[in-house]
Amino acid sequence: MTLTGRYVHAWESYWEDTPDTPGEAIWDSDPSLTAAPHLELFAPHVDVALPVVDVGCGNGTQTRYLARHFSRAVGVDLSHAAVAHARRADTANAVEFRQLDAADPAAVRELHKRLGDSNVYLRAVIHQSEPPDRPLVAAAVAELVGQRGRAFVVELTAEAKTVLRELMGEPGGPPPKLARVFAHGLKPAESEDSEVPELLRASGLTVLADGRTTLAQTEFRADGTRIELPAQWLIVGRTG
């Protein structure tokens, strides 16, 4: 099995084993903690008349929130099982969900051809992608935004890896939702902080704004405090 094959299998098995109950995935936080504050940062830079594409949408929790603020919302994910989760949860049929490999340039071009220039929401996708796929994911963002769209990219920083290591080594064992991530062979916080902006710039995008944040998780420490992982955010687009 190729590295890419193992990666696809890991995500399929993870989502197949994840119940539909909201919050079962450790990153499936309420939009009030995730997409809502991200949109506050993003909104001044975007044309909401353009579609929004949630790349790596998972079970679609954040996509459904974004659909309330853009003319059209599309959620795409590598995993067929994740897309099935998202479709079941979208009882209002507010979002178009479809399987798409963001590292497949032909599939990404086809989506851009169908939607036109779009805004992109990319949350925690590059940092856990296989290294050969990371430039392709950045190129997918550039393809989808075209000339008029903008992208909000938020990725875990290297500091998050330290936090995860501490959680895995807690005396009572790691929190169950985090343990399940590693049990399926997924590898969060694997990219360096400088890699993400460099990849986006190399794909032809300009960083219009950036900053530091945390990504709220649905799991808690032994003392009852919510796990929040250090992250960086960037707003990118073409300026020429």
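Since we're looking at a predicted model, the values are computed, not measured.

1. Quick word on helix α7 (residues 158–168)
(1) Moving on: Turning to α7, its buried residues are Ala160, Val163, Leu164 and Leu167. The arc enclosing the buried residues of α7, seen along the axis, measures out at 100°, which places them on a common side. Across from the buried face of α7, at angles greater than 90 degrees, the exposed residues are Glu159 and Arg165.
(2) Moving on: Along its buried surface, α7 packs onto β5 (150–156), α8 (176–183) and β7 (226–237).

2. Looking at the sheet that holds strand β1 (residues 52–55)
(1) Moving on: The strand order β3-β2-β1-β4-β5-β7-β6 describes an open sheet built from seven strands, whose pairing is mixed. Strands with a single pairing partner mark the edges of an open sheet, and in this sheet they are β3 (96–99) and β6 (206–220). Adjacent strand axes in the sheet meet at a mean angle of 20° when their direction is disregarded.
(2) Moving on: Pairing of strand β4 (residues 119–123) with β5, which is carried by four bridges, proceeds in the parallel orientation. Paired with Val120 across the two strands is Ala151, which belongs to β5.
(3) Moving on: Each of β1, β2 (73–77) and β3 touches helix α5 (residues 105–115); the most contacted strand, β3, lies at about 160° to it.

3. Re the environment of Asn59
(1) Moving on: In this structure, Asn59 sits in the loop between β1 and α3 (61–66).
(2) Moving on: Each C-alpha atom, one on Asn59 and one on Ala35, is 14 Å from the other, the two residues being 24 residues apart in sequence.
(3) Moving on: Beyond its immediate chain neighbours, meaning those up to four positions away, Asn59 contacts Trp15, Asp28, Arg64, Ala82, His85, Ala86 and Ala89.
(4) Moving on: At 3.3 Å, the side chain of Asn59 forms a polar contact with the side chain of Thr61.

4. Looking at the pairing of β1
(1) Moving on: Alternating positions in β1 separate into two faces, Val52 and Asp54 on one and Val53 and Val55 on the other, with burial throughout.
(2) Moving on: In the sheet, β1 pairs with β2 via four bridges, with the strands oriented parallel. What sits directly across from Val52, in β2, is Ala73.
(3) Moving on: Once you follow β1 into α3 and on to β2, the crossover reads as right-handed.
(4) Moving on: Across four bridges, β1 lies against β4 in parallel orientation. Its bridge partner being in β4, Val53 is matched across the sheet by Val120.

5. What to know about unusual backbone geometry
(1) Moving on: The backbone phi angle of Asn93 is positive, close to 50°, even though this residue is not glycine.
(2) Moving on: Checked against the element boundaries, Asn93 lands in the loop between α4 (80–89) and β3.
(3) Moving on: Take Asn93: its relative accessible area is 66%, and that puts it in the exposed class.
(4) Moving on: With phi around 60°, Ala124 is a residue other than glycine that occupies positive phi space.

6. Looking at the packing of aromatic side chains
Each aromatic ring pair is specified by the distance between its two centres and by the angle formed by the two planes.
(1) Moving on: The tally for this structure, following the rule as stated, stands at eight aromatic pairs.
(2) Moving on: Among the aromatic side chains, those forming a connected cluster through ring pairs are Trp11, Tyr14, Trp15 and Trp27.

7. Here's the deal with the environment of Thr61
(1) Moving on: Structurally, the position occupied by Thr61 is in helix α3.
(2) Moving on: When residues no more than four places from it in sequence are discounted, the contact partners of Thr61 are Asp28, Ser29 and Pro31.
(3) Moving on: A distance of 2.6 Å separates polar atoms of two side chains, one belonging to Thr61 and the other to Asp28.

8. Quick word on the environment of Thr225
(1) Moving on: Note on placement: Thr225 falls in the loop between β6 and β7.
(2) Moving on: When the C-alpha atoms of Thr225 and Ala140 are compared, they prove to be 36 Å apart, with 85 residues separating the residues in sequence.
(3) Moving on: A distance of 2.7 Å separates polar atoms of two side chains, one belonging to Thr225 and the other to Asp223.

9. A closer look at the side chain of Arg123
(1) Moving on: Summarising the element assignment, Arg123 is placed in strand β4.
(2) Moving on: Of the side chains with opposite charge, Asp28 lies nearest to the buried Arg123, which makes no salt bridge, at 5.7 Å.
(3) Moving on: Ignoring any residue separated from it by four or fewer positions in sequence, one finds Arg123 in contact with Trp27, Thr34, His38, Val55, Gln62, Val154 and Leu215.

10. Some words on the side chain of Gln217
(1) Moving on: Its place among the elements puts Gln217 in strand β6.
(2) Moving on: Of the polar contacts made by the side chain of Gln217, one reaches the backbone oxygen of Leu215; its length is 3.0 Å.
(3) Moving on: Beyond its immediate chain neighbours, meaning those up to four positions away, Gln217 contacts Ile26, Trp27, Arg226, Ile227 and Leu229.

Parameters at a glance
Every residue gets a number counted from 1 within its own chain, in the order that chain's sequence is written. This being a predicted model, a pLDDT of at least 70 is required before a residue's local features are given, and a value of 80 or more before pairs of side-chain atoms are given or counted; all residues contribute to the totals for chains, interfaces and linings. For the side-chain quantities, the full set of heavy atoms in the structure was used; hydrogens and water were omitted. The cut-offs for exposure are 20% and 50% of the maximum accessible area for each residue type, with area from a 1.4 Å probe on protein chains only; residues under the lower value are buried, those over the upper are exposed, and the others partly exposed. Secondary structure follows DSSP: runs of H or I at least 4 residues long count as helices, runs of E at least 2 residues long count as strands, and numbering of each begins at the N terminus. What the arc measures is the spread of directions leading from the helix axis to the C-beta atoms. The contact definition used throughout considers only heavy atoms, calling two residues in contact when any of these lie within 4.5 Å. Between any two strands, pairing holds if DSSP finds at least two bridges. Helix axes are fitted only over the stretch in contact, all axes being lines through C-alpha atoms; the angle between N-to-C directions runs from 0 to 180 degrees. By the criterion applied in these results, polar contacts are pairs of N or O atoms within 3.5 Å in which, for protein atoms, one can donate a hydrogen and the other can accept it, and in which residues neighboring in sequence qualify only through two side-chain atoms. Look down the strands so they point away from you; if going from the first strand over the helix to the second traces a clockwise path, that crossover is right-handed. When the centres of two rings from Phe, Tyr and Trp lie within 6.5 Å, Trp using its six-membered ring, the rings pair. Their planes under 30 degrees apart give stacked, over 60 give edge-to-face, and anything left gives tilted. Neither His nor the chain ends contribute to the count of charged residues, in which Lys and Arg are positive and Asp and Glu negative. We count a salt bridge whenever a side-chain nitrogen from Lys or Arg sits within 4 Å of a carboxyl oxygen from Asp or Glu.

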